[in-house]
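# Observations on the model geometry
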Amino acid sequence: MGKFMQGYLDEQFMELEELQDDANPNFVEEVAASYFKDSARLINNIDQALRRGPLDFNRLDSYMHQFKGSSTSIGASKVKTECTMFREYCRAGNAEGCLRTFQELKKEHATLRKKLEHYFQVQASDQLCVINQLQNMC
């Protein structure tokens, strides 16, 4: 996984990598793409809910529960931490805490996306190198 991903992904991501094999060589990338598609929808829903007043903390908590679940399934540890904090602010009825944490969550989510995009580019490049080396041996 590499040091540059340290802190952003936990052991769950490594377990996903172990499920990837020759029969499904893009498994992890497909899971990540699905996560980012789903999380973009949730971020939009949360953003809209935060813009409307008065805040519906139960609805916000429900959205964030979904977000935390999908973040946990891919091993997005920093995003998951922000989800947990957001939910605590929802339970306390703390609108300012929700807004502040949501901004941090969006930053962590964007950083994770960039890091994973780079990771998958490196993986693809490594695979091409191996293929080229094998072809040169023939």
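Residues numbered from 1 in each chain as written. Predicted model: local features only at pLDDT ≥ 70, side-chain atom pairs only at ≥ 80, totals over all residues. Heavy atoms only, no water.

Under an unreviewed UniProt entry, the protein chain has the name Histidine-containing phosphotransfer protein and belongs to Eruca vesicaria subsp. sativa. Quoted verbatim from the Function (unreviewed entry) field of the UniProt record, the comment on the protein chain reads "Functions as a two-component phosphorelay mediators between cytokinin sensor histidine kinases and response regulators (B-type ARRs). Plays an important role in propagating cytokinin signal transduction." (UniProt positions renumbered as here; feature names shortened; annotations may be inferred.)

For the rest of this paragraph, the subject is the packing of aromatic side chains. A complete count under the given rule lists four aromatic pairs for this structure. Through a chain of ring-to-ring contacts, the aromatic side chains of Phe13, Tyr119 and Phe120 assemble into a single cluster. A cation sits over an aromatic face here: lysine 78 above tyrosine 8, 4.3 Å from the ring centre. (Phe/Tyr/Trp six-rings, centres within 6.5 Å; stacked < 30°, edge-to-face > 60°. Lys NZ or Arg CZ within 6 Å of the ring centre and 35° of its normal.)

In this structure, Ile46, Phe67, Phe86, Leu112 and Leu116 are the most contacted members of the largest nonpolar core, which totals 30 residues. Looking at this core, the elements that each hand over two or more residues are helix H1 (11-19), helix H2 (27-51), helix H3 (57-74), helix H4 (77-92) and helix H5 (95-137). Broken down by element, this core gets its largest block of residues, nine residues, from H2. With sequence-adjacent residues up to four places away left out, phenylalanine 67 is seen in contact with Tyr35, Ser39, Leu42, Ile43, Ile46, Val79, Cys83, Leu105 and His109. (Core = buried A, V, L, I, M, F, W, Y, C linked by side-chain atoms within 4.5 Å. Buried < 20%, exposed > 50% of the residue type's maximum accessible area, 1.4 Å probe, protein only. Helix = DSSP H or I, 4+ residues; strand = E, 2+ residues; numbered from the N terminus. Contact = heavy atoms within 4.5 Å.)

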